[in-house]
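Results of the structural survey
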Amino acid sequence: MWQKKDNTMVKEFEFKDFKSALEFANKVGAAAEKMNHHPMIALMWGKVKVVLTTHSAGKVTKKDQDLAKIIDKL
């Protein structure tokens, strides 16, 4: 579940190993690039943390919510 924190949406995904986490992070990056909307992606062993916000608006917007839905389907 995405959590609202300050002016962001945050979710952490867990994986069995670094390789799986890296593959997921790359998929998130590709989806974000298609939308021209770039989240913060933190990659750790077996975990990927994604933070969404629209910097120009200073808050979460529909663009963030749309990208979150896409990420959840990956």
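Up top is the structure.
In what follows, the accompanying structure is described.

If you walk through the whole model with that rule in mind, you get 3 salt bridges. The salt bridge partner of lysine 47 is glutamate 12, with a shortest N-O separation of 3.6 Å. Of this pair, lysine 47 sits in strand E4 (residues 47-52) while glutamate 12 is found in strand E2 (residues 8-14), placing the two residues 35 residues apart along the sequence. Note on glutamate 12: relative accessible area 40%, which makes it partly exposed. One salt bridge connects aspartate 66 with lysine 62, and the closest N-O pair in it is separated by 3.0 Å. Note that aspartate 66 and lysine 62 are positioned in helix H2 (residues 62-73) at a spacing of 4 residues, about one turn of the helix.

Rules used in this analysis
Residues numbered from 1 in each chain as written. Predicted model: local features only at pLDDT ≥ 70, side-chain atom pairs only at ≥ 80, totals over all residues. Heavy atoms only, no water. Salt bridge = Lys/Arg side-chain N within 4 Å of Asp/Glu carboxyl O. Helix = DSSP H or I, 4+ residues; strand = E, 2+ residues; numbered from the N terminus. Buried < 20%, exposed > 50% of the residue type's maximum accessible area, 1.4 Å probe, protein only.

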